[in-house]
Amino acid sequence: MTGTVRASTALLLTGIGLAACIGAAMAGHHLAAARPQGQQPPIDRRHTISLRPAPAPAGLGQEAFEHARTIVGFGPRNPGTPGWSHQLEYIERQLQGHGLQVQRDTWTDRKELITFANVSAVIPGRRKERIVLACHHDTKCTLGHPDPAHNFHFVGANDGASGTALLLALAPVLLREERDATIELVFFDGEESLDWSWNEGARALFGSKRYVKRHRDALLLGEEPRIVALILLDMVGRTDLHIQEELFSTERLRTIAWSAAVACGHQKHFYQRAEAASDDHKPFLDVGIPAVDLIDLNGNPHWHKPTDTLENLSAQSLQITADVVLTMLPEVERVYVRDGK
Ligand SMILES: [Zn+2]
């Protein structure tokens, strides 16, 4: 157990409740519980694999920032809001503008009576096995909570917009490159918990749970190729960027992420702290799909706060994350597509 995890436990136990969108992921309520179920120890950062840096084209971070500016301009984007609809149309228009075929999967949750929508697009590779590159597009609902402190105007520049914006900026880059793996870009809805607290994810991760279930059904029927790995981007553009080592993530993918950060010279922004976080990668891990969450939650002062605005987002941070993702991809392909592990 790391210090940061212990700190989160203490907060949960005192009822301050870190949780919410991405619960600080303590499974039990006992300090004695060494770590949440599924959490693994941190990697040994002295051991890296040698990767060739594949930095993003200059200006990609700025492009992503401009997408984020547009998205933030739509206002709050929790399901049912005008901003939610506008953003979905914007994502689709952008992807279609690059010649991609876009799928929108809309459904109404029977228990919550809320309509959600996932958006996805496939960039074909030489092989059918897919690497999913994903984010969530919804923002935390900050209206109607019993505690007045939880009700405020929230635009989620980092928590929501940054991942979405970066996927949109990466799409044309990925389209230009020939590769073995097929890449699927997926924008999940309903990541955020409907309760203010995380509540062990009981009322959260709607989009990723739905996506994984549909994929499993299609796989059984032979209608869809296998997903070999997930790379998830969540809160990847904060000015003072720090992507933690997320400890539910598959160890091999964490090693690849860290090695890519080192190869690009971005190590001070990555894995300096380690903590588990429940996020859209959990439903994938639960069915045995290797997954890594690139997330800047630990110590993030703007998380679910009115200050999660464009002023605290930076094009440079988005560029740094893009560098690492693009440097990771060939190795993820090598390990999970060509070697078939
Ligand atoms: Zn959130």
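Conventions adopted
Residue positions are given per chain, counting from 1 as you read along its sequence in written order. Per-residue local features of the predicted model are confined to residues with pLDDT of at least 70, and side-chain atom pairs are confined, for both listing and counting, to 80 or more; whole-chain, interface and lining totals are unaffected and use all residues. Orientation is described by axes fitted as lines to C-alpha atoms, over the contacting stretch for helices, and by angles from 0 to 180 degrees between their N-to-C directions. Secondary structure elements are taken from DSSP: a helix is a run of H or I of four residues or more, a strand is a run of E of two residues or more, and numbering for both begins at the N terminus. Working rule for angles: under 35 degrees goes down as roughly parallel, over 145 as roughly antiparallel, 65 to 115 as roughly perpendicular, anything else as oblique. Note: crossing handedness is left-handed where the near helix turns anticlockwise from the far helix by less than a right angle, and right-handed where it turns clockwise. For every residue pair, C-beta atoms are placed from the backbone, and the pair is scored as a contact if these atoms sit within 7 Å. Around each residue's C-beta, the other C-beta atoms within 10 Å are counted; 20 or more make the residue buried, 12 or fewer make it exposed, and counts in between make it partly exposed. All C-beta atoms are placed from the backbone. Each nonpolar core reported here comprises buried Ala, Val, Leu, Ile, Met, Phe, Trp, Tyr and Cys residues connected via C-beta atoms within 7 Å.

Participant: Tell me about the packing of helix H6 (residues 251–263) against helix H8 (residues 315–338), and please be specific about residues and values.
Facilitator: Here H6 crosses H8 at 135°, and the two axes come no closer than 8 Å. Classified by the angle between their axes, H6 and H8 sit oblique to one another. The two elements H6 and H8 cross, and the hand of that crossing is right-handed. Between H6 and H8, the residues in contact are Arg252, Ile256, Ala257, Ala260, Ala261 and Ala263 and Val324, Thr327, Met328, Glu331, Val332 and Val335, respectively.

Participant: Quick one: what's the story with the packing of helix H4 (residues 157–176) against H8, residue by residue and with numbers?
Facilitator: Two elements in contact, H4 and H8, have axes whose closest approach is 11 Å; the angle formed by their N-to-C orientations is 60°. Taken together, the axis directions place H4 and H8 in an arrangement best described as oblique. Crossing angle aside, the handedness with which H4 passes H8 is right-handed. Within the contact between the two elements, H4 uses Ser162, Leu166 and Leu170 and H8 uses Leu318, Thr321, Ala322 and Val325.

Participant: Account for the environment of Met328, with residues named and values stated.
Facilitator: Assignment of secondary structure puts Met328 in helix H8. Met328 sits in the buried class, given 26 other C-beta atoms within 10 Å. Separated by 67 residues in sequence, Met328 and Ala261 place their C-alpha atoms 8.7 Å apart.

Participant: Describe in detail the nonpolar core, supporting the description with residues and values.
Facilitator: Counting residues in each nonpolar core, the largest one holds 93 residues, and the members touching the most others are Leu166, Leu167, Leu230, Ile231 and Ala257. In terms of residues, this core owes the most to one element, H8, which gives eleven residues. Other than its neighbours up to four places away in sequence, Leu167 contacts Leu133, Cys135, Leu185, Phe187 and Leu233.

Participant: Could you give an account of unusual backbone geometry, with specific residues and numbers?
Facilitator: The backbone phi angle of Asn199 is positive, close to 55°, even though this residue is not glycine. Mapped onto the secondary structure, Asn199 falls in the loop between strand E4 (182–188) and helix H5 (206–220). Backbone geometry at Met235 places phi at a positive 65°, although glycine is not the residue there. When you line up the elements, Met235 lands in the loop between strand E5 (227–234) and strand E6 (243–246). For Met235, a count of 33 C-beta atoms within 10 Å puts it in the buried group.

Nothing here speaks to function; it is all geometry.
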